[in-house]
Amino acid sequence: MTSVEVMYCILGMFVVSYIPRVVPPFLLAKRALSPMVERWLKYVPTSVFGALVFSEIFIDGNKLNLSLGNINLIASLIVLAVSLKTKSLGKSIVTGMVVFWLLKNVV
Amino acid sequence: MMSVLVFAGSGQFIALSMIGGGASISSIVLTTFIVNLRHTLYSSTLTAYLMGQSKKYFGFFSQGIVDETFAVNLSEFSTGEWDANRALALNILAHGCWVLSTMMGNVAGNVLPVDIAVVGYTLTAMFIGLWTFHFDNYLKIIIGVVAGVLALFLSGFLTHKLHIVVATVIAATLGCMIEGGKKDD
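The structure reproduced in this document is the subject of the present report. The structure presented is a predicted model; accordingly, all values stated were derived computationally and were not measured.

What follows deals with the environment of Thr47(B). Residues and elements named next belong to chain B. The residue Thr47 is located in helix α4 (residues 38–47) in this model. Its relative accessible area of 2% is what places Thr47 among the buried residues. With eleven residues separating them in the primary sequence, Thr47 and Phe58 have C-alpha atoms 8.8 Å apart.

Here you go:
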């Protein structure tokens, strides 16, 4: 992507992130969202992170890497455990970096 | 630059990883739209406490709505000791910190020698962390895993990382249907 394309991309992102935030106060001032939409939105974050995490771990270039020797997978299981236990984003990321570096350079 | 205009936290990190992965502009914008749709929910909820404010107020206030500011504003509003000006100040302050730390990160990134593979993994670790924050019931965990498996499956057919968007939409719809089905019983 060229820097001009990145600019367009950011502008596009600005438009689509600003509109959903600013429209409700003007439009649905007193009405609540329909329960159906609200329920759907509840499942968006977990879905998007699930899709991203699996892709980051198992897709290597253009092919799937489902082997147990996949260092992304080993590091991620440790990060998952740390994150569930500590509920701390900082600790999870630092652990992930250290474990990943060790797996890549030492083991 | 992205931090000033977009202010979306996870949406921005997702976009960065997609840009790095060679995704098309349209798929990045579409993903951002879907990921940030939840702000509509926040914005409509907070509006209930902000009746009678001017259009200009909402114009500024809305840009500062993210997961964190929503959580703080809602809990402060519901306990009573809070008003529209403080809510706006909180949003602007949070946005300011975000922009400042982006700039600091940029400078540090240029100065410090870092192993690019480790940096790449940081993003994965962060996604895992952010993901676990949404694990408040089993259905959400299952739906997340379903989305992950779907994404891997779809990545064989869809280019430009569109598999992320499609997997998200399908899995969220599934979660919504399962929850709806349980309520009807």
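The next thing to look at is the packing of aromatic side chains. For the coordinates displayed, the defined rule picks out five aromatic pairs over all chains. Residues Phe100(A) and Tyr121(B) carry aromatic rings whose centres are separated by 4.7 Å and whose planes lie at 5° to one another, so their mutual orientation is stacked. Placement of the pair is Phe100(A) in helix α5 (residues 89–105) and Tyr121(B) in helix α8 (residues 116–132), with the two residues belonging to separate chains. Residue Phe100(A) is classed as buried on the basis of its relative accessible area, which comes to 6%.

Relative to the helices and strands, Thr46(A) resides in helix α3 (residues 44–58). Within polar-contact distance, the side chain of Thr46(A) engages the side chain of Trp131(B) at 3.1 Å. At 2.8 Å, the side chain of Thr46(A) and the backbone oxygen of Lys140(B) are in polar contact. If near-sequence neighbours (up to four positions away) are discounted, Thr46(A) is found in contact with Trp131(B), His134(B), Phe135(B), Lys140(B), Ile143(B) and Gly144(B).

Definitions and cut-offs
Residues numbered from 1 in each chain as written. Chains lettered and ligands numbered in written order. Predicted model: local features only at pLDDT ≥ 70, side-chain atom pairs only at ≥ 80, totals over all residues. Heavy atoms only, no water. Helix = DSSP H or I, 4+ residues; strand = E, 2+ residues; numbered from the N terminus. Buried < 20%, exposed > 50% of the residue type's maximum accessible area, 1.4 Å probe, protein only. Phe/Tyr/Trp six-rings, centres within 6.5 Å; stacked < 30°, edge-to-face > 60°. Polar contact = N/O pair within 3.5 Å; in protein donor to acceptor, adjacent residues only side chain to side chain. Contact = heavy atoms within 4.5 Å.

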